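Residue-level structure breakdown
Below are the chains, spelled out letter by letter.
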Amino acid sequence: RIPFPPPPQPPPTPPPGPALPPRPPPPPRPPSMPLVEKVEGLLGQMTLREKIGQMLQLVEYMSGVEAVADGSWGDSSLGSVLYSGGLPSVGSLRERSARLQRAARRHRLGIPLLIGVDAVHGHAQARGTTVFPHNIGLGCARNESLARQLAEATSLEVAACGINWVFGPCVAAAQDDRWGRTYEAFSSDTELVSRLGEAQVRGLQESPTPVAACAKHLAADGATQHGRDQGDAVLSEAELQAHLRPYRAAVQAGALTVMVSFSSINGRPAHGNRWLVTQFLKRELGFEGLVVSDWGGINKLPGSAEQQFAAGINAGIDLVMLPGTNAPGTWNQATSGPWRAFVDSVERSVKTGRISLERIDAAVRRVLRVKGKLGLLAADAGGTAALRPPSSKHLAAAAAAEPKQLAPLVRSKWHRALAEEAAAHSAVLLKHDGALPLSPTASVLVACRGGRSLGRQMGGWSLSWQGTTRDEGLGTNVYDGFRARAGRAGCEACVSFSERGDADSGDVAIAVVSEDPYAEGVGDRARSPVPMHGADHACLDNLMKRRSSRPVILVAISGRPVDISEFDRRSSVIIASFVPGSEGGSAIASLVYGDRPFKGRLCRAWGEHWSLGFGLRLEPPPAAPPPPQEPSPPKVPVVRLLRRVPHRLRPPSPPPPSPPPPSPPPPS
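Below you will find a few notes about this structure. What you see is a predicted model; the values in this text were computed from it and never measured.

**A short note on the overall build of the chain**
Summing up its helical and strand segments, the chain has 20 helices and 17 strands in all. Within the span of the chain, comprising 668 residues, buried residues form 55% of the whole. A fraction of 78% describes how many contacts in the chain between residues 6 or more apart in sequence connect residues 24 or more apart. Of the accessible surface of the chain, which amounts to about 28500 Å², a share of 55% is contributed by carbon and sulfur atoms.

This is the structure we're talking about:
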């Protein structure tokens, strides 16, 4: 059990904000008021511009976001903020989130913000957190219980930063390995995607520290032609229904939000597809949460900005995510760029009849309903509240904890162990000629670029948007994992490393070939099968030139199946570990040394060699014959030994018995 801190104390009074013009205070909202009444009461108090502001999401790093949130700049409001890119430590994020929520509380309506983040494999973009395997690995593990536990751990580390919304799970069914987001998909099989997506929705929203889940990206973003990101999916009716299946499962699991895709279906952009968003999702599935656009996705529709906003909102989008830039300029100024352009454009569209007021009210109701289900509309709300009653005092302690009290649990021992277990379950044994398991005292050479690069084994959306190739962050790379395991057997010096593979040491070589990290757009590839990096080919050449008789165990770290045909011919063992996360090095070592069994099965076909569902198992060594039975020794009577009592404590000895009387003479 996790040792949760004691119950929270009342928070200190926040410092007063800047002087604001007097405004009429809203009526009190007692916590016991039903959610419907709260929502309608707030809606009735809002001006049109305040309603439009609740439909807006800005990036946290934009200057002036707090001024928009507290209403000191203009006469609108702000519904949501998202964190983007590389993020600082948990403590810094917590302070930023608290500052944003204080600003929203200073607004005359006092409605807290939805604060979102792309925590797609743990809270991986923040420093000092636990990085879990990407979804492609969880698809190979095929374990709904494990997927849910990972989501629960993610919700805790996110809530510790004052964040209440995760943009995940991704429920795409990736069909083409050239797509740069293949690793974000659980599988190419929509049924497997549905099961794991449902598990993660429940894990995020029903954990002791619940956050809103977001099923994305509606829909068929993994089925675009040639695997092109933001491309067009040309589908038959049956194929489309298959790709919609994971959204049915996510809605049934209670997902509070859904994100629309950049891509198109049969030439029709999803952001402007009223049938997809309103008819299918909201009416047919009965989805009651909010629909959010992707990063500037609504601005990819044809027409002027005003026409784009109107088309997206009329299609059914309730919250519009507007991007900023890291470059100086007015578009990065929340008070003069996207905020004002959005509010002014939508206000004109309502006044001219392009967007009905009823549609605006319906969108704001959905935004407020999600906030209410997260406990943000309670009179004293400052964070999240459980979406269901805690099942024990232990869980209640976590549900009642403030973000600061959750901080010691971030990257806890339990979370690291969970990450290592998930990485081990995700690995798939593709080839084996009898070389495994290795002895912990075997002489081992870890080689190639991926052997000492924590960034490569964490992949994209880790420490930054596109990830990093450096050995950076907290975790265990493959080389360190092998050294630690051999060290427990007293042979840490048995493990050496060579990035180029040009070393003679080691009777066995562990060649860790890897893709460089990438994320959306940047990760798309033109060739199929996707080739490996030239440096990895050179590393394998060097290994063979140095000692051709040395067995090579190939470990492939990649976000998708890649072309390893050349490596196949020159390796004794092939292990597909995909993107195993921060504890992947320890997990791979435990598999190679036989501490854990291989359980993973491919969640998608790997070229022509290995089909969906393939995965080898290591046969356990034959059991030793039982020793010959010997005759049982004769039973020895048990003698009870009494403790010797000191003389002074002994009771007095009884007097000796008197002699028996003489026997009478026998009768004559």
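**Observations concerning unusual backbone geometry**
With an omega of -5°, the peptide bond running from L436 to P437 counts as cis. Summarising the element assignment, P437 is placed in the loop between β12 (428-432) and β13 (444-447). For the bond running from S528 to P529, omega is 0°, close enough to zero to count as cis. Within the chain, N266 stands out as a residue other than glycine whose phi angle is a positive 50°. Along the chain, N266 falls in the loop between β8 (264-265) and β9 (268-269). Exposure remark for N266: the relative accessible area of 45% places this residue in the partly exposed category. A positive phi is found at F578, a non-glycine position, where the angle reads about 55°. Mapped onto the elements of the fold, F578 is located in the loop between β17 (573-576) and α20 (584-592).

**Looking at the environment of D507**
With respect to the helices and strands, D507 occurs in the loop between β14 (495-498) and β15 (508-514). A relative accessible area of 44% means that D507 is categorised as partly exposed. Distance from D507 to R550, taken between C-alpha atoms, is 5.9 Å for residues 43 residues apart in sequence. When neighbours within four sequence positions are excluded, D507 is seen to be in contact with S443, R547, R550 and P551.

**Considerations on the layout of surface pockets**
Quantified by volume, the second largest pocket comes out at close to 440 Å³. Lining the second largest pocket are 24 residues, and of these S84, W295, W461, W465 and E520 sit closest to its centre.

**Looking at the sheet that holds β15**
Here six strands make up an open sheet; going across it, the order is β12-β17-β16-β15-β13-β14 and the pairing mixed. In the strand order of this sheet, the two ends are held by β12 and β14, each with one partner. Between one strand and the next, the sheet's axes are offset by a mean angle of 20°, whatever the strand orientation. Two elements, β15 and strand β16 (residues 552-557), share six bridges in a ladder whose sense is parallel. Across the sheet, V512 pairs through a bridge with V555, a residue of β16. Together, β13, β15 and β16 form the strand contacts of helix α18 (residues 534-546), whose direction differs from that of β15 by roughly 170°.

**Details of the state of the cysteines**
The tally for this structure, following the rule as stated, stands at two disulfides. Disulfide pairing is shown between C448 and C539; the S-S distance is 2.1 Å. Taking the torsion about the sulfur-sulfur bond, which here is approximately -90°, the covalent link between C448 and C539 counts as left-handed. With C448 in the loop between β13 and α16 (454-458) and C539 in helix α18, the pair connects residues that are 91 residues apart, well separated along the chain. C491 shares a disulfide with C494; S-S distance 1.4 Å. In this structure C140 is not part of a disulfide, and its nearest cysteine sulfur, from C603, lies 3.7 Å away. Since its relative accessible area comes to 1%, C140 is described here as buried. C603 sits in the buried class, given a relative accessible area of 1%.

**A look at the nonpolar core**
Core analysis: the largest hydrophobic core is formed by 156 residues, its most contacted members being F342 and W606. Broken down by element, this core gets its largest block of residues, eight residues, from helix α6 (residues 144-159). Discounting chain neighbours no more than four positions away, the residues touching W606 are L430, A556, S558, R560, P561, V562, I564, A576 and F578. The next biggest cluster of nonpolar side chains, apart from the first, holds 26 residues, and it includes L438, V495, V573 and F598.

**Structural notes on helix α10 (residues 305-315)**
For α10, the full list of buried residues reads E306, Q308, F309, A310, G312, I313 and A315. Just downstream of α10 lies G316, where phi reads positive at about 125°.

**Some points on helix α17 (residues 478-488)**
Because an α-helix completes one turn every 3.6 residues, residues spaced three or four positions apart along the sequence face the same direction. Listed in full, the buried residues belonging to α17 are V478, Y479, G481, F482, R485 and A486. Relative to the axis of α17, the buried residues are bounded by an arc of 165° and lie together on one face. Those residues of α17 that are buried lie in contact with β13, α16, β14, β15, β16 and α20. If you check the start of α17, you find a side-chain oxygen 3.2 Å away from the backbone N of Y479, and it comes from N477. Positive phi appears at G490, one or two residues downstream of α17, with a value of about 80°.

**A few points about empty space enclosed by the protein**
Enumeration over the complete set of coordinates arrives at six cavities of 30 Å³ or more. Space inside the largest cavity adds up to approximately 110 Å³. For the lining of the largest cavity, the elements supplying multiple residues, two or more each, are α5 (135-141), α6 and α7 (190-205). No other element matches the three residues that α6 contributes to the lining of the largest cavity. Of the residues belonging to the lining of the largest cavity, the class tally is 10 nonpolar, six polar and no charged.

**Section: the pattern of salt bridges**
Using the criterion set out here, one finds 41 salt bridges in the structure. R195 is the partner of E144 in a salt bridge, and the nearest nitrogen-oxygen pair spans 2.9 Å. In this pair, E144 is assigned in helix α6 and R195 in helix α7, connecting sequence segments 51 residues apart. Residue class for E144 comes out partly exposed when judged on its relative accessible area of 31%. The class for R195 is partly exposed, based on a relative accessible area of 31%. Among the ionic pairs, E421 bridges to R596, the shortest N-O distance being 3.2 Å. Placement of the pair is E421 in helix α15 (residues 413-426) and R596 in the segment after α20, with a sequence separation of 175 residues. For E421, a relative accessible area of 29% puts it in the partly exposed group. Sharing partners across several salt bridges, the network here consists of R49, D75, D344, E347 and K351.

**Thoughts on the pairing of β16**
Burial analysis of β16 places six of its six residues in the buried class, which makes it a mostly covered element. Burial along β16 is two-sided: V552, L554 and A556 facing one way and I553, V555 and I557 facing the other are all buried. For the crossover that starts at β15, traverses α18 and ends in the parallel β16, the hand is right-handed. As paired strands, β16 and β17 are joined by four bridges and run parallel to one another. Residue pairing in the sheet places I553 in a bridge with V573 of β17.

Conventions used here
- Residues numbered from 1 in each chain as written.
- Predicted model: local features only at pLDDT ≥ 70, side-chain atom pairs only at ≥ 80, totals over all residues.
- Heavy atoms only, no water.
- Helix = DSSP H or I, 4+ residues; strand = E, 2+ residues; numbered from the N terminus.
- Buried < 20%, exposed > 50% of the residue type's maximum accessible area, 1.4 Å probe, protein only.
- Contact = heavy atoms within 4.5 Å.
- Areas by Shrake-Rupley, 256 points an atom, 1.4 Å probe, with all protein chains shown as cover.
- 1 Å grid on protein atoms, 1.4 Å probe; cavity = no way out; pocket = protein on both sides within 12 Å on 5 of 7 lines; lining within 4 Å.
- Points joined across faces, edges and corners; volume = space filled by probe spheres on them.
- Pairing = 2+ DSSP bridges.
- Axes fitted to C-alpha atoms, helices over the stretch in contact; angles between N-to-C directions.
- Disulfide = S-S within 2.5 Å.
- Core = buried A, V, L, I, M, F, W, Y, C linked by side-chain atoms within 4.5 Å.
- Arc of directions from axis to C-beta.
- Polar contact = N/O pair within 3.5 Å; in protein donor to acceptor, adjacent residues only side chain to side chain.
- Nonpolar A, V, L, I, M, F, W, Y, C, P; charged D, E, K, R; others polar.
- Salt bridge = Lys/Arg side-chain N within 4 Å of Asp/Glu carboxyl O.
- Right-handed = clockwise from strand over helix to strand, strands pointing away.

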